[in-house]
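Residue-level structural notes
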Amino acid sequence: MSFKALVLDQIDNKIRQSWKDLDDGDLPAGEVIVRVAYSGLNYKDGLILKGLARLVRDYPHIPGIDFSGTVEASDSPDFKPGDEVIATGWALGERRWGGFTQKVKVDANMLVRMPAGLDLERAMALGTAGFTAMLAVMALERAGTTSDRGEVLVTGAAGGLGSVAVALLAKLGYGVVASTGRKETHEYLKSLGAGSIIDRGELSEPGVRPLEKARWAGVIDTVGGVTLARAYAQTATHGALAVCGNAGGNDLNMTVLPLILRGVGLLGIDSNFCPGDLRRQAWSRLAEDMPADKLKAITTVEPFARLPELGEAILEGKIRGRTVIDVNT
Ligand SMILES: NC(=O)c1ccc[n+]([C@@H]2O[C@H](COP(=O)([O-])OP(=O)(O)OC[C@H]3O[C@@H](n4cnc5c(N)ncnc54)[C@H](OP(=O)(O)O)[C@@H]3O)[C@@H](O)[C@H]2O)c1
């Protein structure tokens, strides 16, 4: 039976998006065929949909860096038809065909069984962004960040990763300071559990001192660049920063002083090639720790047809929270 997919082609060095009807014979090699229910819209999807950052080398290509769905057929003993699964990372939607389609074929090691407490829609309401937020929280925990040591800063707080991070940290008892450039999201961020809000402008100008007044016990950063450098200089003794994103830039101009005088931990977060054990642990923790009402408040479900315009909106910083794409409407 045919299925619908958003296909990217490269024509005269330009990326063209088109809706195509494909059939099983078009699917790539893999062990498990999954009927996709939902895919998430992530910042990286926005880049890929426009052919930016050289994330995709081979066309034609089906984008979509994550999906949830139900197994239709499996050559792997690990999954059987009817199992509900989640996929994020492993270069899905980049070097492999991804989730902006009604059907995918992938290897079994790319799939995580749906944990109790989540369902197909809620899994993609979290998606790569939520999964990464949990990896960041777990990294801070491993670094010894506890709620009694001071406040945790979340940058790019009104975005997908930031919104989930704010809600998770608040649920776990941390005092959360949310940094955002959008005044209209202040009430939203407070409703997710942010105790206070700072304007992103407070962190966006280069600092003059390598060590600033200590403010943060922990940081979850989605912005990078000057914002990360300032947050790093403001991190308290034995605090830690979980470095997740580059929505504000790739450059990082900093000194070693916070590392050697305050013992600050700079922790890299990679969701793409995160090993299977940690992956399953993070999804179980999300099922346990992400409050259902907050996840609902963060999420907007959109039909497949709106994907191209939403892909542009996420690059323009106009998307609040998480957008889930229902590929069957
Ligand atoms: N390491 C990983 O494995 C991993 C996984 C997922 C995502 N990421 C990265 O994490 C970042 C966030 O992803 P997302 O899906 O949550 O994206 P998103 O929903 O678009 O959120 C990004 C947020 O960053 C802020 N922002 C955007 N442009 C900015 C600028 N020029 N200066 C300062 N702040 C800016 C905005 O927050 P406000 O409106 O609140 O200011 C925006 O909502 C991206 O860089 C993404 O590539 C990394």
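Our structure's up above, just so we're on the same page.
What this report covers is the structure whose coordinates are included nearby.

The rules behind each value
- Residues numbered from 1 in each chain as written.
- Predicted model: local features only at pLDDT ≥ 70, side-chain atom pairs only at ≥ 80, totals over all residues.
- Heavy atoms only, no water.
- Pairing = 2+ DSSP bridges.
- Helix = DSSP H or I, 4+ residues; strand = E, 2+ residues; numbered from the N terminus.
- Buried < 20%, exposed > 50% of the residue type's maximum accessible area, 1.4 Å probe, protein only.
- Arc of directions from axis to C-beta.
- Contact = heavy atoms within 4.5 Å.
- Polar contact = N/O pair within 3.5 Å; in protein donor to acceptor, adjacent residues only side chain to side chain.
- Near = heavy atom within 4 Å.
- Nonpolar A, V, L, I, M, F, W, Y, C, P; charged D, E, K, R; others polar.
- Patch = residues over 30% accessible without salt bridge, like charges linked within 9 Å, V, L, I, M, F, W, Y side chains within 5 Å.
- Areas by Shrake-Rupley, 256 points an atom, 1.4 Å probe, with all protein chains shown as cover.
- Salt bridge = Lys/Arg side-chain N within 4 Å of Asp/Glu carboxyl O.

1. Comments concerning the pairing of strand β4 (residues 66–74)
- With six bridges connecting them, strand β3 (residues 32–41) and β4 associate as antiparallel partners. The partner of Val 34 across the bridge, within β4, is Val 71.
- Sheet topology note: the β4/strand β5 (residues 84–88) ladder contains five bridges and is antiparallel. The partner of Phe 67 across the bridge, within β5, is Ala 87.

2. Thoughts on helix α10 (residues 307–315)
- Buried within α10 are the following residues: Leu 307, Leu 310, Gly 311, Ala 313 and Ile 314. Angularly, the buried residues of α10 cover 165° about the axis, an arc narrow enough to put them on a single face.
- Each element contacted by the buried residues of α10 is listed here: β1 (3–11), β2 (14–22), β3, α1 (43–49), β14 (299–303) and β15 (322–326).
- Phi turns positive one or two residues past the end of α10, at Gly 317, with a value near 70°.

3. What to know about unusual backbone geometry
- Along the chain, Tyr 59 connects to Pro 60 via a cis peptide bond; the corresponding omega equals 0°.
- Within the fold, Pro 60 resides in the loop between α1 and β4.
- The backbone of Asn 13 shows a phi angle near 65°, a positive value even though the residue is not glycine.
- By the secondary structure assignment, Asn 13 is in the loop between β1 and β2.
- A positive phi is found at Trp 90, a non-glycine position, where the angle reads about 55°.
- Tracing the backbone through its elements, the reader meets Trp 90 in the loop between β5 and β6 (103–106).

4. Remarks on the side chain of Thr 145
- By secondary structure assignment, the location of Thr 145 is in the loop between α2 (120–142) and β8 (152–155).
- With a relative accessible area of 5%, Thr 145 lands in the buried category.
- Of note is the side chain of Thr 145, whose polar atom sits 3.0 Å from the backbone oxygen of Leu 140.
- Sequence-distant contacts of Thr 145, that is, excluding residues within four places in its chain, are made with Leu 140, Val 152, Tyr 174, Ala 217, Gly 218 and Ala 240.

5. Digging into the site of the ligand
- Residues in contact with the ligand amount to 25 residues; listed here are only the nearest, Leu 161, Thr 180, Gly 181, Arg 182 and Ser 271.
- Gly 160 places a polar main-chain atom, nitrogen or oxygen, 2.8 Å from an oxygen atom of the ligand.
- For the shell around the ligand, the secondary structure elements donating two or more residues are α2 and α3 (160–171).
- Here the residues of the shell around the ligand are counted per class, giving nine nonpolar, 13 polar and three charged.

6. Observations regarding the environment of Lys 103
- Among the structural elements, Lys 103 can be located in strand β6.
- Exposure remark for Lys 103: the relative accessible area of 4% places this residue in the buried category.
- Taking the C-alpha atoms as reference points, Lys 103 and Lys 4, separated by 99 residues in sequence, lie 8.0 Å from one another.
- With residues up to four places along the chain from it excluded, the contact list for Lys 103 reads Phe 3, Asp 24, Leu 27, Ile 33, Val 34, Arg 35, Val 36 and Glu 72.
- Side chain to side chain, Lys 103 and Asp 24 meet in a polar contact 2.7 Å long.
- Among the polar contacts made by the side chain of Lys 103, one reaches the side chain of Glu 72 at a distance of 2.9 Å.

7. Some points on a nonpolar patch on the surface
- On the surface, Val 256, Leu 259, Ile 260, Leu 261 and Leu 266 cluster together to form a nonpolar patch covering roughly 460 Å² of accessible area.
- Residue contributions to the nonpolar patch peak at three residues, all from helix α7 (residues 257–262).
- Inspection of the secondary structure puts Ile 260 in helix α7.

8. Points about the environment of Trp 90
- Counting along the chain gives 21 residues from Trp 90 to Leu 111, while the straight-line C-alpha distance between them is 9.8 Å.
- When sequence neighbours within four positions are dropped, the list of residues in contact with Trp 90 reads Arg 96, Asn 109, Met 110, Asn 272, Phe 273, Cys 274 and Arg 279.

9. Concerning the pattern of salt bridges
- Counting across every chain of the model gives 16 salt bridges.
- The partner of Lys 103 in a salt bridge is Asp 24, and the shortest N-O contact between them spans 2.7 Å. Of this pair, Lys 103 sits in strand β6 while Asp 24 sits in the loop between β2 and β3, and the two are 79 residues apart along the sequence.
- Note that Arg 306 is salt-bridged to Glu 309, the shortest N-O span being 3.0 Å.
- A residue is classified by how much of its surface remains accessible, and Glu 309, at 45% relative accessible area, is partly exposed.

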